[in-house]
Amino acid sequence: MAAKKLRRIGVLTSGGDAPGMNAAVRAVVRKAIHLGLEVVGVRRGYSGLHRGDFIDMTARSVSNIIQRGGTILKTDRSREFQEPSGRAKAARALASHGVEGLVVIGGDGSFRGAQLLEAEHGVAVMGVPGTIDNDIYGTDSTIGFDTAVNNAVEAIDKIRDTAAAHGRLFLVEVMGRKSGFIALATGLAAGAETIVIPEEPVDIDKICSSLLAGLERGKASSVVVVAEGQKAGAVFQIAEKITQTGGPECKVVVLGHLQRGGNPTARDRILASVLGAAAVDALVAGKSGFMAGMLAGKVALCPLADASTKKPTIDRDALELAKVLAI
Ligand code: ADP
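To keep things clear, this report deals only with the structure shown in the data block. (Residues numbered from 1 in each chain as written. Predicted model: local features only at pLDDT ≥ 70, side-chain atom pairs only at ≥ 80, totals over all residues. Heavy atoms only, no water.)

1. Concerning the site of the ligand
Filter applied, for reference: Put simply, a residue is near a molecule or strand once any heavy atom of it comes within 4 Å of that molecule or strand. Definition of a polar contact: a pair of N or O atoms within 3.5 Å, with one able to donate and the other able to accept a hydrogen when the atoms are protein atoms, and with sequence-neighbouring residues admitted only if both atoms are side-chain atoms. Exposure was quantified through the Shrake-Rupley algorithm and a 1.4 Å probe, taking into account, for residues, occlusion by the shown protein chains and nothing else. A run of H or I in DSSP counts as a helix once it spans at least four residues, and a run of E counts as a strand once it spans at least two, with each numbered from the N terminus. Each residue gets one of three labels, nonpolar for Ala, Val, Leu, Ile, Met, Phe, Trp, Tyr, Cys and Pro, charged for Asp, Glu, Lys and Arg, and polar for the others, Gly among them.
In the vicinity of the ligand, 16 residues are found, and the nearest of them are Arg77, Ser78, Gly107, Gly109 and Ser110. Between the ligand and Gly16 there is a distance of 3.3 Å, counted from an oxygen atom to a backbone nitrogen or oxygen. Arg77 is positioned with one of its side-chain polar atoms (N or O) 2.6 Å from an oxygen atom of the ligand. Expressed as a share of its isolated accessible area of 550 Å², the protein-covered part of the ligand is 82%. Ranked by the residues each element gives to the shell around the ligand, the list is headed by helix 4 (residues 108–121), at six residues. Here the shell around the ligand is composed, by residue class, of three nonpolar, nine polar and four charged.

2. Some words on the state of the cysteines
For the record, the criterion: For this text, the term disulfide refers to a pair of cysteine sulfurs within 2.5 Å.
Tallied over the full model, the rule gives zero disulfides. With no disulfide of its own, Cys208 lies closest to Cys250 among cysteine sulfurs, the gap being 7.6 Å.

3. A few points about the environment of Leu275
Our working rule: In this description, contact between two residues means that some pair of their heavy atoms is separated by no more than 4.5 Å.
The topology assignment puts Leu275 in helix 9 (residues 266–284). Measuring from C-alpha to C-alpha, the distance between Leu275 and Asp315 comes to 24 Å, with 40 residues separating the pair along the chain. If sequence neighbours within four positions are ignored, Leu275 has contacts with Val128, Pro129, Ala292, Gly293, Met294 and Val299.

4. What to know about a nonpolar patch on the surface
To be explicit about the condition: Put simply, a patch holds well-exposed residues, over 30% relative accessible area, that have no salt bridge, with like charges counted together within 9 Å and Val, Leu, Ile, Met, Phe, Trp or Tyr side chains within 5 Å. By salt bridge we mean one thing: a side-chain nitrogen of Lys or Arg within 4 Å of a carboxyl oxygen of Asp or Glu.
A grouping of Leu188, Leu321, Val324 and Leu325 is seen on the molecular surface, where their side chains present a nonpolar patch of about 360 Å² in accessible area. In terms of residue count, the dominant contributor to the nonpolar patch is helix 11 (residues 316–325) (three residues).

5. What to know about the sheet that holds strand 7 (residues 194–196)
Note the cut-off: Think of it this way: DSSP has to see at least two bridges between two strands before they count as a pair. Note on method: axes are straight lines fitted to C-alpha atoms, helices fitted across the in-contact stretch only, with angles between N-to-C directions ranging 0 to 180 degrees.
Across the sheet, which stays open at both edges, the four strands sit in the order 7-8-6-9 with parallel pairing between neighbours. Two strands in the sheet have a free side with no partner beyond their single neighbour: strand 7 and strand 9 (250–254). Shown here is a sheet whose adjacent strand axes are inclined to one another by a mean of 20 degrees, direction ignored. Sheet analysis places strand 6 (residues 169–174) next to strand 9, joined by five bridges and oriented parallel. By the bridge assignment, Leu171 is partnered in strand 9 with Val252.

6. Things to note about the nonpolar core
The cut-off we apply is this: Residues belong to a common nonpolar core when they are buried Ala, Val, Leu, Ile, Met, Phe, Trp, Tyr or Cys residues joined through side-chain atoms within 4.5 Å. Buried residues are those whose accessible area, probed at 1.4 Å on protein chains only, stays under 20% of the maximum for their type, while exposed residues exceed 50% and partly exposed ones sit between those limits.
In terms of nonpolar packing, the biggest core is built from 63 residues, with Ile9, Val11, Val103, Ile105, Ile182 and Ile195 touching the most fellow members. In terms of residue count, helix 5 (residues 145–166) provides more of this core than any other element does, nine residues in total. Apart from the residues within four sequence positions on either side, Ile182 is in contact with Ile132, Asp133, Phe145, Ala148, Val149, Val174, Met175 and Gln259.

7. Things to note about the packing of helix 3 (residues 84–96) against helix 4
Test applied: In these notes the angle categories are as follows: under 35 degrees is roughly parallel, over 145 is roughly antiparallel, 65 to 115 is roughly perpendicular, and the rest is oblique.
Helix 4 packs onto helix 3 with a crossing angle of 75 degrees between their chain directions and a minimal axis gap of 10 Å. It follows from the interaxial angle that helix 3 and helix 4 lie roughly perpendicular. Residues Arg87, Ala88, Ala90, Ala91 and Leu94 of helix 3 form the contact with helix 4, whose participating residues are Gly113, Leu116, Leu117, Glu120 and His121. Of the residues contributing to the contact of helix 3 with helix 4, the split by class is six nonpolar, two polar and two charged.

8. Quick notes on the packing of helix 7 (residues 204–216) against helix 8 (residues 235–244)
Convention followed: Left-handed is the label given to a crossing in which the near helix is rotated counterclockwise from the far helix by less than a right angle, and right-handed is the label when the rotation is clockwise.
Between helix 7 and helix 8, the least distance of the axes is 9 Å, while the angle of their chain directions is 65 degrees. Helix 8 is crossed by helix 7, and the crossing has right-handed handedness. Seen from helix 7, the contacting residues are Ile204, Ile207, Cys208 and Leu211; seen from helix 8, they are Ile238, Lys241 and Ile242. Broken down by class, the residue content of the contact of helix 7 with helix 8 amounts to six nonpolar, no polar and one charged.

9. Structural notes on the pattern of salt bridges
Counting across every chain of the model gives 16 salt bridges. In this structure, Glu200 and Arg316 form a salt bridge, with 2.2 Å as the shortest nitrogen-oxygen distance. A residue pair is termed long-range when its members are at least 10 positions apart, and Glu200 in the loop between strand 7 and helix 7 and Arg316 in helix 11 qualify at 116 residues. Residue class for Arg316 comes out partly exposed when judged on its relative accessible area of 40%. Each member of the salt-bridge network shares a partner with another, and the members are Arg8, Glu38 and Asp56.

10. Structural notes on helix 5
As a reminder, the rule being used: To estimate how far a helix should extend, the number of its residues minus one is multiplied by 1.5 Å.
The first and last C-alpha atoms of helix 5 sit 31 Å apart over 22 residues, in line with the 32 Å expected at 1.5 Å per residue. Those residues of helix 5 that sit buried are Phe145, Asp146, Thr147, Ala148, Val149, Ala152, Val153, Ala155, Ile156, Ile159, Arg160 and Ala163. Looking at the packing, one finds that the buried side of helix 5 touches strand 6, helix 6 (181–190), strand 8 (222–227), strand 9 and helix 9. At the exit of helix 5 stands Gly167, carrying a positive phi of roughly 65 degrees.

11. Let's talk about the side chain of Thr131
Mapped onto the elements of the fold, Thr131 is located in the loop between strand 5 (124–129) and helix 5. Leave out the neighbours within four places in its chain, and Thr131 touches Ala18, Gly107, Ile136, Thr142, Ile143, Gly144 and Phe145.

This is the structure:
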């Protein structure tokens, strides 16, 4: 059966902001215009969607944004959209503006919302993975992850200078409440002595003995990268426990929102450009209910049902390698 020809699509950014979301918006808008479609931008994610807060997008409305962090469309977390009544309002707003398909740039929560909009109201939806956490199934990398990791590595390189000058131990907390992808990549790239991730139980005794052994081997400084949201407590508590268990005194640095800001890396801009355009291609081909991801260098469509529920697994070999290389 020939797919119904789309005339007008919408694009929104939702959930946590991620550097590279703007590059994805630009790609969606320009690819759609290139294919002869009209595009509306939805402000503030699903909050703007159910309020009908739409703006017409032209090729010029996305000029000069590929290099900017944050999102020009703004993002939000919407409680109303979690209710059937909020989604019904959103569907009515889309219909009244003649919008027949929607590209949702966000994380797994945003994808759950998109799935419901499709299931309950027949809106054609496509997801694009935009989150710094890299915790989305169906893609090797999410938009924003590379930038967040580079931001964290740059900060740790600076911390390392002062750590080495004083022979100090630093605990550096990075983002990743439920997943250790940022911590692992950051730790590996910054040469961390130890990496603490939510996927593994925290063994304070082991951390202490390995830090003390490092000092004995003549290490001038030590950096422990800790993902936020540890069962053993926040990074300050871990620092206290290390000292109480006979380990060295620790300085704590919480990188926090610094990791999300700044210009996206070339890698994130390219990923965002390719996936944004692929999402439009899929909608135009009559597909709906998928996320455009990148697997082994190729665009791959993953059902939103999988992208929003399954979780990618942490690379334990990389974790082991980080330990070996910290001798
Ligand atoms: P992310 O997309 O980064 O994971 P959230 O989990 O905060 O961010 O989700 C973003 C928004 O998606 C929420 O504020 C809500 O409006 C919508 N959403 C999330 N989960 C659901 C759900 N189960 N049903 C409907 N909407 C949802």
